[in-house]
Amino acid sequence: MIFITRRLEFCASHRLYNPEFSDQKNEETFGLCNNPNGHGHNYVMEVTVKGDVHPETGMVLDLKALKKLVNEEIILKVDHKNLNVDVPFLKEIIPTAENLAIQFWNVLEPKLTGGELYEIKLYESERNFVIYRGNSRERVD
Ligand code: NI
């Protein structure tokens, strides 16, 4: 079993808030990220696929094909966008790094051919990143 990763970048804006919270609770929960007119991030995403090395090619999958898939399905739809309003597959979710990673997984996983999606790593900043490996359950509070 071998793991192969493609790194991609995009820039986007968002605002973190829950419409069911009061203004005060949104402020307490999300702090600066609750700024009413949003703020931006330079996101870095690493998509890791696992699989076996094909004996005839020496590869798990063609990285160019992976790059094309992620570009078409994710990057073109989120780059230079407002994640709260511009992206159909992000509607109705709070666009935290956690939720973005889960949605990106849900978009990519069924479309991947050759290899199995193993991990989405999403950096919101140099120091803050999340890792998603599938099978998230609804959180119950
Ligand atoms: Ni933010």
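For the structure, check the block above.
Residues numbered from 1 in each chain as written. Predicted model: local features only at pLDDT ≥ 70, side-chain atom pairs only at ≥ 80, totals over all residues. Heavy atoms only, no water.

(A) The arrangement of the pairing of strand 1 (residues 2-14) in detail. The pairing of strand 1 with strand 2 (residues 39-51) spans 13 bridges and is classified as antiparallel. From the neighbouring strand, Phe3 faces strand 2, where its bridge partner is Lys50. As defined by bridge partners, strand 1 adjoins strand 3 (residues 81-82) across two bridges and the pair is classed as parallel. Looking at strand 3, one finds that Ser13 is bridged to Asn82. (Pairing = 2+ DSSP bridges. Helix = DSSP H or I, 4+ residues; strand = E, 2+ residues; numbered from the N terminus.)

(B) Examining the pattern of salt bridges more closely. Within the structure shown, the criterion is met by six salt bridges. Measuring nitrogen to oxygen at the nearest pair gives 3.7 Å for the salt bridge that ties Lys77 to Glu73. Of this pair, Lys77 and Glu73 both sit in helix 2 (residues 63-78), separated by four residues, roughly a single helical turn. Notably, a salt bridge pairs Glu73 with Lys111, separated by 3.2 Å at the nearest N-O pair. Residue Glu73 is found in helix 2, and its partner Lys111 is found in the loop between helix 3 (97-108) and strand 4 (116-123); the two are separated by 38 residues along the sequence. Judged by relative accessible area, Lys111 falls into the partly exposed class, the value being 44%. Residues joined in a network through salt bridges with shared partners are Glu73, Lys77 and Lys111. (Salt bridge = Lys/Arg side-chain N within 4 Å of Asp/Glu carboxyl O. Buried < 20%, exposed > 50% of the residue type's maximum accessible area, 1.4 Å probe, protein only.)

(C) Quick look at the sheet that holds strand 1. As summarised here, the arrangement of the five strands in space is 3-1-2-4-5, forming an open sheet in which the pairing is mixed. Looking at strand neighbours, the two that pair on one side only are strand 3 and strand 5 (129-132), the edges of this open sheet. Across four bridges, strand 4 lies against strand 5 in antiparallel orientation. Looking at the pairing, Ile120 lines up with Tyr132 of strand 5. The strands that helix 2 touches are strand 1, strand 2 and strand 3; relative to strand 1, the one it contacts most, it runs at about 20°. Of the strands in this sheet, strand 1, strand 2, strand 4 and strand 5 touch helix 3, which is tilted by about 150° from strand 4. (Contact = heavy atoms within 4.5 Å. Axes fitted to C-alpha atoms, helices over the stretch in contact; angles between N-to-C directions.)

(D) Molecular detail of the coordination of the nickel ion. Bound to the nickel ion on the protein side are His14 (NE2), His39 (NE2) and His41 (NE2), at distances that span 2.0 to 2.1 Å. Summarised as a motif, the one-chain spacing of the donors to the nickel ion is H-x24-H-x1-H. (Donors = N, O, S within 2.8 Å, 3.2 Å for Na, K, Ca; no water.)

(E) Geometry of the side chain of Glu46. Mapped onto the elements of the fold, Glu46 is located in strand 2. Since its relative accessible area comes to 12%, Glu46 is described here as buried.

(F) How the structure looks around the environment of Cys11. Mapped onto the elements, Cys11 comes out in strand 1. Between the alpha carbons of Cys11 and Asn35 there is a distance of 18 Å; along the sequence they are 24 residues apart. With residues up to four places along the chain from it excluded, the contact list for Cys11 reads His41, Asn42, Val78, Asp79, His80 and Lys81.

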